[in-house]
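One letter stands for each residue in the lines below.
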Amino acid sequence: DLPVATVALARGGHAAGPPGRVCPAAPEQDEDAPKKNGAYVGAWSLLKREEPVGTTVEEHPAGEGPLRLQAPCGLYAEIRVPD
């Protein structure tokens, strides 16, 4: 399955493209997304990551986890500084 292989490569630090050939089509834009995501907009230090939801795969002390920046559309960037 090409999308699964692409995710595995990306998690390993590799790039894959073009996006139109390795990913499913983007869903229709939700016009209400900025309102729904308003509570999650900003910057914070990640305490816990779950994958899938309910299964903890990472935990960090307060202020020591990766930094997350999130936009109103739901898009976020995670910044990790190597030790």
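You'll find the structure just up there.
Residues numbered from 1 in each chain as written. Predicted model: local features only at pLDDT ≥ 70, side-chain atom pairs only at ≥ 80, totals over all residues. Heavy atoms only, no water.

Draft legend 1. Representation of the pairing of strand S5 (residues 76–79). For strand S4 (residues 67–70) and S5, the ladder comprises four bridges, and the chain directions are antiparallel. Bridge assignment links leucine 67 to a residue of S5, and that residue is isoleucine 79. Connecting the antiparallel pair S4 and S5 is a turn made up of five residues, with glycine 74 showing a positive phi of about 105 degrees. (Pairing = 2+ DSSP bridges. Helix = DSSP H or I, 4+ residues; strand = E, 2+ residues; numbered from the N terminus.)

Draft legend 2. Quick look at the environment of leucine 75. Residue position: leucine 75 is located in the loop between S4 and S5. Leucine 75 gets classed as exposed once you look at its relative accessible area, which sits at 61%. Expressed as a C-alpha distance, the spacing of leucine 75 and glycine 12, which sit 63 residues apart in the sequence, is 21 Å. In contact with leucine 75, other than residues within four places in its own chain, are Leu69 and Gln70. (Buried < 20%, exposed > 50% of the residue type's maximum accessible area, 1.4 Å probe, protein only. Contact = heavy atoms within 4.5 Å.)

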